[in-house]
Amino acid sequence: MEIKVLKNVMMKNNAIGGDNRWRLKQSKVFSLNMVSSPGAGKTTLLKHTLGRLTRNHKVAVIEGDLYTSKDALALEQFDIPLIQINTEGGCHLDARMISTAMDNIDLESTEILFIENVGNLVCPASFDLGEDKMVLLYPITEGDDKPSKYATMFQKADLVIINKVDIAPYLNVSPEKAAEEVRKINPDCEILTLSATKMETLDGWFEWIEKEFSLKSQE
Ligand SMILES: Nc1nc2c(ncn2[C@@H]2O[C@H](COP(=O)(O)OP(=O)(O)OP(=O)(O)O)[C@@H](O)[C@H]2O)c(=O)[nH]1
Ligand SMILES: [Mg+2]
């Protein structure tokens, strides 16, 4: 009985996720769902990313958080559409929340939409939001053995960003080993290694966004 209820919830979410994807495609918006465990560096990376991308792209952001608006406030300096969703304890964003947020964004005037999901390495994997790409931030500070332990999230990711590599020398962890572990779980995803706090390490990330944005524009 419980399994049936859960199935219904997932089916409904996936249907709305499909609608979201169609709306985004109609408006030629390239969308990214940024997922990770808490504190992995999503907002830090977004801040640097907006600093660069808003020079030549029309960007919008949907911020997901349990209770606060801290992450949205961290991005307030940018003159962009910025929607905060509070899940009030919910461990993930769902497609309906994104649909409602999208109602408040002029999609025709948007090229790239970033969605920062709630910090959680399990639940967001099951909820399609309608995004084009799922980007998983994997901070090396959590250890280089996490991909097999949280396999679903790693399997679903289109891009895995191994973050906080500046701290790796101080811990008993290896970014190379972490990348090997990611490959074992998801041989097809792209992998980048960087420090979200260091602008000089972000070129590969910016190139990946431009490449994927350009592919989306040609669809
Ligand atoms: N040393 C170092 N610190 C980092 C790096 N990236 C993020 N941090 C720090 O990690 C902490 C958490 O970063 P956030 O950007 O808030 O992480 P988040 O994923 O948005 O966190 P939640 O939204 O709470 O899940 C902050 O103190 C950042 O300065 C990095 O590459 N290197
Ligand atoms: Mg954040």
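See the structure shown above.
Residues numbered from 1 in each chain as written. Chains lettered and ligands numbered in written order. Predicted model: local features only at pLDDT ≥ 70, side-chain atom pairs only at ≥ 80, totals over all residues.

Enquirer: Is there a simple way to explain the overall build of the protein in this structure?
Expert: A tally of regular secondary structure across the protein gives 8 helices and 7 strands. Computed over C-alpha atoms, the radius of gyration of the protein comes to 17 Å, within 12% of the 17 Å expected from 2.2 N^0.38 for 219 residues, which places it in the range of a compact globule. Dimensions along the principal axes, computed over C-alpha positions, put the protein at roughly 50 × 45 × 35 Å. Put simply, the protein has 219 residues, and 40% of those count as buried. (Helix = DSSP H or I, 4+ residues; strand = E, 2+ residues; numbered from the N terminus. Rg over C-alpha atoms; globule rule 2.2 N^0.38 Å. Buried ≥ 20, exposed ≤ 12 C-beta atoms within 10 Å, placed from the backbone.)

Enquirer: Help me understand the site of ligand 1, please; the structure alone is not making it clear to me.
Expert: If you check the shell around ligand 1, you find 17 residues, and the closest are G41, T43, T44, G119 and S195. Of the residues forming the shell around ligand 1, the biggest block, 3 residues, is contributed by helix α2 (residues 42-53). Here the shell around ligand 1 is composed, by residue class, of 4 nonpolar, 9 polar and 4 charged. (Near = placed C-beta within 6 Å. Nonpolar A, V, L, I, M, F, W, Y, C, P; charged D, E, K, R; others polar.)

Enquirer: Even after reading the chapter, I still don't get the nonpolar core, so can you show me in this structure?
Expert: Within soluble globular proteins, side chains that are nonpolar tend to cluster in buried spots. One finds I98, F114, I115 and L136 to be the most contacted residues of the largest nonpolar core, which totals 55 residues. Not counting residues within four places of it along the chain, the set of residues in contact with L136 comprises V35, S36, M153, F154, A157, V160 and I161. (Core = buried A, V, L, I, M, F, W, Y, C linked by C-beta atoms within 7 Å. Contact = placed C-beta atoms within 7 Å.)

Enquirer: Explain helix α7 (residues 175-185) here, please?
Expert: For an α-helix, the turn length of 3.6 residues means that residues three or four places apart are oriented alike. Within the sequence span of α7, burial applies to A178, E181 and V182. The buried residues of α7 occupy one face: seen down the axis, they fall within an arc of 100 degrees. Residues of α7 that are exposed and point over 90 degrees away from its buried face: E176 and K184. Among the structural elements, β5 (133-139), α5 (146-149), α6 (151-156), β6 (159-163) and β7 (190-193) are those in contact with the buried residues of α7. (Arc of directions from axis to C-beta.)

Enquirer: How should the pairing of strand β4 (residues 112-116) be read in this particular structure?
Expert: Regular strands show a simple pattern: their side chains alternate between the two faces of the sheet. Summarising burial for β4: 5 of the 5 residues are buried, a large majority. Burial along β4 is two-sided: I112, F114 and E116 and L113 and I115, pointing in opposite directions, are all buried. Sheet topology places strand β1 (residues 30-36) next to β4; 5 bridges connect them, and they run parallel. If you follow S31 over to β4, its bridge partner there is L113. For strand β2 (residues 59-65) and β4, the ladder comprises 5 bridges, and the chain directions are parallel. Residue pairing across strands places V61 opposite F114, the latter belonging to β4. (Pairing = 2+ DSSP bridges.)

Enquirer: Explanation requested: the environment of I162 in the structure shown.
Expert: Along the chain, the position of I162 falls in strand β6. The spatial distance from the C-alpha of I162 to the C-alpha of A74 is 22 Å, given a sequence separation of 88 residues. Not counting chain neighbours up to four residues away, the residues in contact with I162 comprise Y138, I140, P175, A178, A179, I191 and T193.

Enquirer: Whenever I open this one, the sheet that holds β6 confuses me. Can you help?
Expert: Hydrogen bonding along the main chain pairs the strands of a sheet, whether they run parallel or antiparallel. One open sheet holds the 7 strands; their spatial order is β3-β2-β4-β1-β5-β6-β7, and the pairing between them is parallel. Each edge of the sheet is formed by a strand with only one pairing partner; in this case those strands are β3 (82-86) and β7. If you compare each strand with its neighbour and ignore which way they point, the axes differ by 20 degrees on average. Sheet analysis places β2 next to β3, joined by 5 bridges and oriented parallel. Looking at β3, one finds that G64 is bridged to I85. Packing against the sheet, α2 makes contact with β1, β2, β4 and β5, and its axis sits at approximately 165 degrees to β4. Strand contacts of helix α8 (residues 203-217): β1, β4, β5, β6 and β7, with the helix running at about 150 degrees to β7, the strand carrying the most contacts. (Axes fitted to C-alpha atoms, helices over the stretch in contact; angles between N-to-C directions.)

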